[in-house]
Amino acid sequence: MVTDLFKILEKNVHADAYTWVSNTYHTMCNKFTTKDLYITFGMAYKYVPNEVIDKNTITDEAQLSHFKDINLTSLQLSRIIILLSIPVTDLDLYKKTLYTLIENATHDELQAIFTAYPLLPHTDDIEPKFAQYISTNMTDVFERMALYNPYPAKYLNQNSFNQMVIKTLFVDKNINHIIGLQSRITKELSHLAIDYAAERSAAGRLVRPEMWQLCICADKDLLINTIHKLHTSKYKYENEASILLLQNAINNNIINTKEINMTYSQNNCAKDWNELALKYPFSIW
């Protein structure tokens, strides 16, 4: 994996920058000290340009696929490579080193660290620090954590994952960009989403169209009532959301057509939640 990262870096920076990162990484691997890590991690901006990487240079390595969906910079990539020089044999030392780095990091450094999380060792053991930072008020950092990042769905505890999803809605981002979302929808998350929508409605505010997919695991009566409410809404996107939600419920054997009294047509309806979000961009409302 590190080899693939170096290949991407080589195609996006000048030779001097590449040499500095390479020498730094190999020196750290041979003789690691936390002091040197903190210094080189912070000073990387002096040697590597902070320019967005050409997505065409990103390899097809599965572990790096999420890089193609974000505006990763060469500076952030350099810091990810440096992170991978931390020795992994001593868990306590690893966690202390990583956590100290996180607690003293700048916005850009935090983006690099949380982008790197799926690539780091001890993935289960370092989850608490990731969960802690979900509450960050740094939107750019939160986006790197929540969107196009495979780590949360695989390792985040359910309460923290739920918090992340609701916050994604709160900051007006598309939850379709949360990798593995469908596999982590639970009854609790469904009810949180319905409560969130009710609060928004009471305040005279709308919710994003793709949000309604989160309701699929609600209690059956609540799910049916939600589908009916959406179907009779004055908003076209909610009418279409009701059809998608109903189809999801039927396909997953949660309800059957006899349990819901609703006449509907799929003509001109979005075929899935991704299309619905694109069809009705929230920013225009």
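Our structure is the block above this text.
Okay, so let's go over this structure. Residue numbers run consecutively from 1 along every chain, following the written order of its sequence. Selection of residues for local features in this predicted model requires a pLDDT of at least 70, selection of side-chain atom pairs for listing and counting requires 80 or more, and totals for whole chains, interfaces and linings are taken over all residues. Hydrogens and water are ignored here; the side-chain numbers use all heavy atoms of the structure.

Turning to the packing of aromatic side chains, a few remarks are in order. In this description, a pair of aromatic rings is defined by centroid distance and the angle of the planes. The pairing test for Phe, Tyr and Trp rings, Trp by its six-membered ring, is centres within 6.5 Å, and the orientation test on the planes gives stacked under 30 degrees, edge-to-face over 60, and tilted for anything in between. By the definition in use, this model includes twelve aromatic pairs. Between Tyr117 and Phe130 the ring centres are 5.1 Å apart and the planes differ by 55°, which places this aromatic pair in the tilted class. A residue pair is termed long-range when its members are at least 10 positions apart, and Tyr117 in the loop between α6 (107–116) and α7 (127–132) and Phe130 in helix α7 qualify at 13 residues. Comparing Tyr117 with Phe130, the two get one shared label, buried. Seen in terms of ring centroids, Tyr117 and Tyr151 are 4.9 Å apart; in terms of plane orientation they differ by 85°. Their pairing is edge-to-face. Note that Tyr117 is positioned in the loop between α6 and α7 and Tyr151 in helix α9 (residues 151–155), a separation of 34 residues in sequence. Take Tyr117: its relative accessible area is 0%, and that puts it in the buried class. Among the aromatic side chains, those forming a connected cluster through ring pairs are Phe114, Tyr117, Phe130, Tyr133, Tyr151 and Tyr155. Each helix is a run of DSSP H or I of at least 4 residues and each strand a run of E of at least 2, with the numbering of both proceeding from the N terminus. We call a residue buried when its accessible area falls under 20% of the maximum for its residue type, exposed when it is over 50%, and partly exposed in between, using a 1.4 Å probe and counting protein chains only.

Its identity as a non-glycine residue notwithstanding, His122 has a phi of 55°, on the positive side. Inspection of the secondary structure puts His122 in the loop between α6 and α7.

Attention shifts here to the packing of helix α3 (residues 34–43) against helix α5 (residues 91–103). Running from N to C, α3 and α5 cross one another at 30°; their axes reach a closest spacing of 11 Å. The angle between the axes of α3 and α5 places the two elements in the roughly parallel class. Considering only the axes of α3 and α5, their crossing is right-handed. Contacts between α3 and α5 involve Thr34, Leu37, Tyr38 and Phe41 from the first element and Lys96, Thr97, Thr100 and Leu101 from the second. Considered class by class, the residues forming the contact of α3 with α5 number four nonpolar, three polar and one charged. Only the contacting stretch of a helix is used when fitting its axis, a line to C-alpha atoms as for every element, and angles between N-to-C directions run 0 to 180 degrees. For classification, angles of less than 35 degrees are called roughly parallel, those exceeding 145 degrees roughly antiparallel, those between 65 and 115 degrees roughly perpendicular, and all remaining angles oblique. Crossing handedness is read from the near helix: turned anticlockwise from the far helix by less than a right angle, it gives a left-handed crossing, and turned clockwise, a right-handed one. Whether two residues are in contact is decided by their heavy atoms: any pair within 4.5 Å suffices. By the convention adopted, Pro, Cys, Tyr, Trp, Phe, Met, Ile, Leu, Val and Ala count as nonpolar, Lys, Arg, Asp and Glu as charged, and the other residues, Gly among them, as polar.

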